[in-house]
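Overview (structure and organization)
Read off the chains here:
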Amino acid sequence: MSTLRMAAVAAEFGRDLEEDFAVAERLIKEARAEGVRLLALPEACLGGYLLSLDNDTELDAGPPALALDGPEIRRLAALAGELTVVAGYCEAGTDGRRYNSVVCVNGDGVLGNHRKVHQPLSEDASYASGDHFHAFDTPVGRIGMLICYDKAFPESARALALDGAEIGVVVSAWPGARTNAAPDLVNDRWKRRFDLFDRARALENQIVWVSSNQSGTFGSLRFVGSAKVVDPGGEILADTGVGAGLAIAELDVAQALETARRSMGHLRDRRPETYTYAGAVGA
């Protein structure tokens, strides 16, 4: 039996890149001491997220745009060393546009990169949109990455699973509700949605799910934390709750996938020829 020890982070990050790297370094050291081999840091952990999800771009220039092959990502890779680390950042695209992106690195460099496809509310005022989903091989297994709102769309995680992803890693800056907010985040309806999406995406695709999130506050946003690791049956193995921390779980990934898919294989039993709607007939 070969097990993988993995961790999802709930932590607070802001605009100061040096402070963000200090937090990331501390978390990587903590994970390493715990024997973790796969660590997921939150969306926008290098440079912070947006101050608001309203169209208030004049309030803030936004996070610094970092090149995928630039010094900051190389610095992150050096910190990762033997760990496989996933982290969100604002990507300076070679096309001159800015993307809300997530990168996977280890000491050898960049293993994978994903640009957020689905943009909530006014996020498109600050970022261009990605245009595809893909899985990729790493020392800890085949991984597929999503960012926050991407997980609200079943097709996103399904595309990764069909591309062979054994582990789905989703990084978020998921806030509490914008209206009628619960005084206690534990009871917040947007937190419930965050948790529901995590469990559903793992279960319907029968993959391991590692979900990180920002915690604390930034601008007008109050993040729900709730970083977690979910098994292929949709059961939560570890969860930080609404506070900051590391959700650590250990699992034999190959065995867990085989067991989950043995009787009812959701990918195997698909009937894609039937997944149409009336408006598509003859189109």
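Residues numbered from 1 in each chain as written. Predicted model: local features only at pLDDT ≥ 70, side-chain atom pairs only at ≥ 80, totals over all residues. Heavy atoms only, no water.

The next thing to look at is the pattern of salt bridges. Tallied over the full model, the rule gives 21 salt bridges. The salt bridge partner of Glu34 is Arg5, with a shortest N-O separation of 3.7 Å. Note that Glu34 is positioned in the loop between α1 (17-33) and β2 (38-40) and Arg5 in strand β1 (residues 4-11), a separation of 29 residues in sequence. Of the residues examined, Arg5 reaches a relative accessible area of 24% and is grouped as partly exposed. Salt-bridge contacts for Glu91 lead to Arg115; the nearest nitrogen and oxygen are separated by 2.9 Å. Taken together, the residues span a long stretch of sequence, with Glu91 in strand β4 (residues 84-92) and Arg115 in strand β6 (residues 109-115) at a distance of 24 residues. Taking the relative accessible area as the measure of exposure, Arg115 reaches 27% and is therefore partly exposed. Salt bridges sharing common partners tie together Lys151, Lys191, Asp195, Asp198 and Lys228. (Salt bridge = Lys/Arg side-chain N within 4 Å of Asp/Glu carboxyl O. Helix = DSSP H or I, 4+ residues; strand = E, 2+ residues; numbered from the N terminus. Buried < 20%, exposed > 50% of the residue type's maximum accessible area, 1.4 Å probe, protein only.)

Take the nonpolar core next. Core analysis: the biggest nonpolar cluster contains 35 residues, and Met6, Leu38, Val86, Ile143, Ile167, Val169 and Val210 have the highest contact counts within it. Here this core takes 4 residues from β1, the largest share from any one element. If we skip the residues at most four places from it in the chain, Leu38 touches Leu4, Arg5, Met6, Ala7, Thr84, Val86, Val140, Ile143, Ile167, Val169 and Val210. Judged by nonpolar contacts, the second largest core, of 28 residues, contains Ala7, Val9, Leu17 and Leu76. (Core = buried A, V, L, I, M, F, W, Y, C linked by side-chain atoms within 4.5 Å. Contact = heavy atoms within 4.5 Å.)

To continue, consider the packing of helix α3 (residues 154-162) against helix α4 (residues 189-205). Between two packed helices, both the angle of their axes relative to each other and the distance between the axes serve to describe the pair. Where α3 meets α4, the closest approach of the two axes is 10 Å, and the angle between their N-to-C directions is 40 degrees. Here α4 runs oblique to α3, going by the angle between their axes. The handedness of the crossing between α3 and α4 is right-handed. Between α3 and α4, the contacting residues are Pro154, Ala157, Arg158 and Ala161 on the first element and Arg201, Glu204 and Asn205 on the second. Partitioning the contact of α3 with α4 into residue classes produces 3 nonpolar, 1 polar and 3 charged. (Axes fitted to C-alpha atoms, helices over the stretch in contact; angles between N-to-C directions. Parallel < 35°, antiparallel > 145°, perpendicular 65-115°, else oblique. Left-handed = near helix turned anticlockwise from the far one by under 90°. Nonpolar A, V, L, I, M, F, W, Y, C, P; charged D, E, K, R; others polar.)

Of note, His132 is situated in the loop between β6 and β7 (135-138). A sequence separation of 27 residues divides His132 from Ala159, and the C-alpha atoms of the two residues are 9.0 Å apart. Every residue in contact with His132, bar those within four places of it in the chain, is listed here: His114 and Val117. Side chain to side chain, His132 and Asp131 meet in a polar contact 2.9 Å long. (Polar contact = N/O pair within 3.5 Å; in protein donor to acceptor, adjacent residues only side chain to side chain.)

It is worth spelling out the side chain of Gln206 at this point. Residue placement: Gln206 occurs in the loop between α4 and β10 (208-214). A polar contact of 2.9 Å, which involves the side chain of Gln206, links it to the backbone oxygen of Ala260. Reaching out from Gln206, the side chain makes a polar contact with the backbone nitrogen of His266 at a distance of 2.8 Å.

A word on α1. Taking 1.5 Å as the rise per residue, α1 with 17 residues should run 24 Å; its terminal C-alpha atoms sit 24 Å apart, in good agreement. Among the residues making up α1, those that are buried are Leu17, Asp20, Phe21, Val23, Ala24, Leu27, Ile28 and Ala31. With its buried residues spanning 160 degrees around the axis, α1 presents them on a single face. With respect to the buried face of α1, the exposed residues turned more than 90 degrees away are Glu18, Glu19, Lys29 and Ala33. Looking at the buried residues of α1, the elements they touch are β1, β2, β3 (65-66), α2 (71-80), β4 and β15 (245-251). A side-chain oxygen of the first residue of α1 lies 3.0 Å from the backbone nitrogen of Glu18; this N-cap is Asp16. Directly after α1, the chain includes Gly35, whose backbone phi takes a positive value near 80 degrees. (Expected span 1.5 Å × (residues − 1). Arc of directions from axis to C-beta.)

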